[in-house]
Amino acid sequence: MGVYPVVLSQAKFVHRDSLKYPFEERGLQFGDGIYEVIRIYRGNYYLLTEHVERLFRSAKAIKLELPYTKTELTELLNGLIKRNQMTEDGKVYLQATRGSAPRDHVFPENLTANVYAYISKQARPLNQLEHGVCTITERDIRWEKCYIKSLNLLPNILAKQTAKEKECYEAILHKDGLVTECSSSNVYLVKDGHIYTHPVTENILHGCVRMAVERFSEKLNIPFIEEAFTLEDIKSADELFLTSSTSEVLPIVKVDGAPVADGKPGPISKKLQAAYEQDASIQTETVKQ
Ligand code: PLP
């Protein structure tokens, strides 16, 4: 499965087979927790600081006290790569829940968070990066605090599953026609050389790759406009693309069966892909300028 044997559990490195969380675990029973997925390229984290910062923001938003400082957590995550002698492309999944206690909606007192993390192999989506992906559109039926990277992902996984059943890669989510983001990525529209994307509000996750793309756009002198676009705007878009830690900068070439512009990845998406590769030090021959 491409999973490494050593996992991080409550600041100890243990074998994954020895992990046994009790049934009365608040993450399992309530989804009472948060998570992060961080990209690893050749055994090095990419955008680690941004992810750690976001984890702490999510923790604060759900009144969860993490048992480490940001520095301690960063050291533990680096230790996880070292202990597994990992030198490949992969990702870490880190989850923090409020802890284990007899079931009660109210937070039990004196509870210590359960924090675990494991790394696994994850190849780059080279084929999709080069040719682009198809998407569907779905109503955004999530709650009003999507800036929290919470474990409650049912609307997200249902949307992604619908996309999969329609042989698509992602679902673009919208509220009354206004595009928010995708089920597990941020989404952007390009028109007349400008990039448009939903502003950072409580209705979207502030993606770490989105932060990087904003930085790249500035460097490349491409206006990055935090203004939501509509499903109607997509019909006359020059380009559309999505970003996430596992998808990188991925051109969208079809939406609900209709091609985006000429149905091929556009020049701004390609420029941002090149900037991403440079930033993450992963230049390849596959993604051509
Ligand atoms: N939006 C949602 C809903 C996500 O789940 C994710 C990633 O999992 C993203 C955006 C992209 O975030 P990042 O760039 O930090 O991976």
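Sequence order as written defines the numbering, with residues in each chain counted from 1. Whole-chain, interface and lining totals are the exception, using all residues; otherwise, since this is a predicted model, local features are given only for residues with pLDDT of at least 70 and side-chain atom pairs are given and counted only at 80 or more. Where side-chain values are given, they derive from all heavy atoms of the structure, hydrogens and water being excluded.

Quick look at the overall build of the protein
Argument step 1. Under the DSSP-based scheme used, a helix requires at least four consecutive residues in state H or I and a strand at least two consecutive residues in state E, with every element numbered from the N terminus. Broken down by element type, the protein carries 8 helices and 15 strands.
Argument step 2. Relative to the compact-globule value of 19 Å for 289 residues, the protein shows a C-alpha radius of gyration of 19 Å, a close match.
Argument step 3. C-alpha extents for the protein along the principal axes are approximately 55 × 40 × 35 Å.
Argument step 4. Classification of residues uses two cut-offs on accessible area relative to the type maximum, computed with a 1.4 Å probe and protein chains only: under 20% is buried, over 50% is exposed, and between them is partly exposed. Looking at the protein as a whole, 49% of its 289 residues qualify as buried.
Argument step 5. Note on definitions: a residue-residue contact is assigned when non-hydrogen atoms from the two residues lie within 4.5 Å. Taking contacts inside the protein between residues at least 6 apart in sequence as the whole, the part at least 24 apart equals 72%.
Argument step 6. Values of accessible area rely on a 1.4 Å probe in the Shrake-Rupley scheme; residue burial ignores everything except the protein chains shown. For the protein, the exposed surface amounts to about 14500 Å²; the carbon and sulfur share of it is 51%.
Argument step 7. In summary, the charge assignment counts Lys and Arg as positive and Asp and Glu as negative, without counting His or the chain termini. The location of each charge is read from NZ of Lys, CZ of Arg, CG of Asp or CD of Glu. Side-chain charges of the protein comprise 36 positive and 39 negative groups, with the mean position of each set lying 4 Å from the other. Computation of the radius of gyration draws on C-alpha atoms, with the globule rule given as 2.2 Å multiplied by the number of residues to the power 0.38.

Looking at the domain arrangement of the protein
Argument step 1. These domain limits were set by an automatic method or by a database of domain assignments. By domain assignment, the protein separates into domain 1 (6-121) and domain 2 (126-281).
Argument step 2. With 24 residues of domain 1 at the contact, the number on the domain 2 side is 23 residues.
Argument step 3. The term buried area denotes the loss of accessible surface (1.4 Å probe radius) that occurs when two parts are joined, taken as the sum for both partners. When the buried area of domain 1 at its contact with domain 2 is split by residue, Y35, Y46 and R54 rank highest and sum to 33% of it.
Argument step 4. Salt bridge criterion: a side-chain nitrogen from Lys or Arg within 4 Å of a carboxyl oxygen from Asp or Glu. Run the count over domain 1 and domain 2 and you get 0 salt bridges.
Argument step 5. Throughout this description, a polar contact denotes any pair of N or O atoms lying within 3.5 Å of each other; where both atoms belong to protein, one of them has to be capable of donating a hydrogen while the other can accept it, and for residues adjacent in sequence the pair is counted only when both atoms sit in side chains. Summed over the shared surface of domain 1 and domain 2, the result is 10 residue pairs in polar contact (both at pLDDT 80 or more).
Argument step 6. Elements represented by at least two residues in the side of domain 1 that touches domain 2 include exactly α1 (26-30), β3 (33-41), α2 (48-61) and β5 (90-97).
Argument step 7. Examining the composition of the side of domain 1 that touches domain 2, we find that 7 residues originate from one element, β3, more than from any other.
Argument step 8. In this count, Pro and Cys sit with the nonpolar residues alongside Ala, Val, Leu, Ile, Met, Phe, Trp and Tyr, while Asp, Glu, Lys and Arg are called charged and the others, Gly among them, polar. Along the lines of polarity and charge, the residues of the side of domain 1 that touches domain 2 split into 10 nonpolar, 7 polar and 7 charged.

Quick look at the site of the ligand
Argument step 1. Residues in close proximity to the ligand total 18 residues, the closest being R54, K149, E181, C208 and S245.
Argument step 2. Between the ligand and R54, the relevant distance is 2.8 Å, taken from an oxygen atom to a side-chain nitrogen or oxygen of the residue.
Argument step 3. Taking 390 Å² as the accessible area of the ligand by itself, protein coverage stands at 92%.
Argument step 4. At the level of elements, α2, β9 (178-182), α6 (208-219) and β13 (239-244) are the ones that each hand at least two residues to the shell around the ligand.
Argument step 5. Across the shell around the ligand, the residue classes break down as 4 nonpolar, 10 polar and 4 charged. Put simply, a residue is near a molecule or strand once any heavy atom of it comes within 4 Å of that molecule or strand.

Examining the pattern of salt bridges
Argument step 1. Under the defined criterion, the tally for this structure stands at 15 salt bridges.
Argument step 2. With its nearest N and O atoms 3.8 Å apart, the salt bridge here joins K121 to E88. Of this pair, K121 sits in strand β6 (residues 114-121) while E88 sits in the loop between α3 (70-83) and β5, and the two are 33 residues apart along the sequence.
Argument step 3. Among the residues examined, E88 registers a relative accessible area of 34% and is labelled partly exposed.
Argument step 4. The salt bridge involving R142 is made with D140; its shortest N-O contact spans 2.9 Å.
Argument step 5. Take R142: its relative accessible area is 11%, and that puts it in the buried class.

Details of the pairing of strand β1 (residues 6-9)
Argument step 1. Of the pairings in the sheet, the one linking β1 to strand β2 (residues 12-15) comprises 4 bridges and is antiparallel in character. Each bridged residue has a counterpart across the sheet, and for S9 the counterpart in β2 is K12.
Argument step 2. Pairing between two strands is assigned when DSSP locates at least 2 bridges connecting them. Taking the residues that link successive antiparallel strands as the turn, the β1-β2 hairpin has 2 residues, and the phi of Q10 there is positive, at about 50°.
Argument step 3. In this structure, β1 lies alongside β6, joined through 2 bridges in antiparallel fashion. Paired with L8 across the two strands is A117, which belongs to β6.

Considering the sheet that holds β1
Argument step 1. An order of β2-β1-β6-β5-β3-β4 is seen for the 6 strands of this open sheet, with the pairing classed as antiparallel. In this open sheet, the two strands that pair with only one neighbour each are β2 and β4 (44-45).
Argument step 2. Sheet topology places β3 next to β5; 8 bridges connect them, and they run antiparallel. Bridge assignment links I34 to a residue of β5, and that residue is A96.
Argument step 3. Between the N-to-C directions of two axes lies an angle of 0 to 180 degrees, each axis being a line fitted to C-alpha atoms and, for a helix, fitted only over the stretch in contact. Docked against the sheet, α2 engages β3, β4 and β5, running at close to 175° with respect to β3.

Examining unusual backbone geometry
Argument step 1. In this model, D176 sits at a positive phi of 50°, which is unusual for a non-glycine residue.
Argument step 2. Tracing the chain through its elements places D176 in the loop between β8 (170-175) and β9.
Argument step 3. Given a relative accessible area of 83%, D176 falls into the exposed group.
Argument step 4. Even without being a glycine, S281 presents a positive backbone phi close to 50°.

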